[in-house]
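Inside the fold
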Amino acid sequence: MAKTSKIVKNNDRKRKVSLWAERRAAAKKVINSPKSTVEEVDAAVALLQKMPRDASPVRVRNRCSQSGRPRGFVRKFGISRVALRKLALEGQIPGVVKSSW
């Protein structure tokens, strides 16, 4: 089990990303637009830099929904490899069976 503080911090980051998403998208649109003037781009970059770091979606970490483990995350199932193996062996995940030959 991961430290509770790390899980809470990551959840706060997710909340902050959704809170600032529209403002970040608007600034990025101005920056990437070829029709924007140099002054508009500079203003948008300054605005983007003033936003909180945790508002960037890159800073959110994928964590296992079962244990909070940050490594070995399997996107398709939303859990870590350890939890995936445990649940698959118990037959809790439909369509997943242990392979043997």
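Up top is the structure.
Rules and cut-offs
- Residues numbered from 1 in each chain as written.
- Predicted model: local features only at pLDDT ≥ 70, side-chain atom pairs only at ≥ 80, totals over all residues.
- Heavy atoms only, no water.
- Helix = DSSP H or I, 4+ residues; strand = E, 2+ residues; numbered from the N terminus.
- Rg over C-alpha atoms; globule rule 2.2 N^0.38 Å.
- Buried < 20%, exposed > 50% of the residue type's maximum accessible area, 1.4 Å probe, protein only.
- Phe/Tyr/Trp six-rings, centres within 6.5 Å; stacked < 30°, edge-to-face > 60°.
- Lys NZ or Arg CZ within 6 Å of the ring centre and 35° of its normal.
- Salt bridge = Lys/Arg side-chain N within 4 Å of Asp/Glu carboxyl O.
- Axes fitted to C-alpha atoms, helices over the stretch in contact; angles between N-to-C directions.
- Parallel < 35°, antiparallel > 145°, perpendicular 65-115°, else oblique.
- Left-handed = near helix turned anticlockwise from the far one by under 90°.
- Contact = heavy atoms within 4.5 Å.
- Nonpolar A, V, L, I, M, F, W, Y, C, P; charged D, E, K, R; others polar.

1. Thoughts on the overall build of the protein chain
Within the protein chain, the regular secondary structure consists of three helices and two strands. The order of α-helices and β-strands along the protein chain, N terminus first, is α-α-β-β-α. Taken against the 2.2 N^0.38 rule, which gives 13 Å for 101 residues, the C-alpha radius of gyration of the protein chain at 20 Å runs more than 25% over that of a compact globule. Each principal axis of the C-alpha atoms in the protein chain carries an extent, and together these give about 65 × 30 × 15 Å. Burial status across the protein chain gives 25% buried among its 101 residues.

2. With respect to the packing of aromatic side chains
Aromatic ring pairs are defined here through the distance separating the ring centres and the angle between the ring planes. Inspection of every chain in the model, using the stated rule, returns zero aromatic pairs. Stacked on the ring of Trp20, the Lys or Arg Arg23 has its end atom at 4.2 Å from the ring centre.

3. Structural notes on the pattern of salt bridges
What the rule picks out here adds up to two salt bridges. For Arg13, the salt bridge is made with Asp54, and the minimal N-O distance between the two is 3.1 Å. In this pair, Arg13 is assigned in helix H1 (residues 4-32) and Asp54 in the loop between helix H2 (38-50) and strand E1 (73-74), connecting sequence segments 41 residues apart. By the burial criterion, Arg13 is buried, and Asp54 matches it.

4. Describing the packing of H1 against H2
At a closest axis distance of 8 Å, the pairing of H1 and H2 adopts a crossing angle of 150°. If you check the angle between H1 and H2, you find them roughly antiparallel. Taken as a pair, H1 and H2 cross one another with a handedness that is left-handed. In contact with Arg24, Ala27, Lys28, Val30 and Ile31 of H1, H2 contributes Glu40, Val41, Ala44, Val45, Leu47 and Leu48. Along the lines of polarity and charge, the residues of the contact of H1 with H2 split into eight nonpolar, no polar and three charged.

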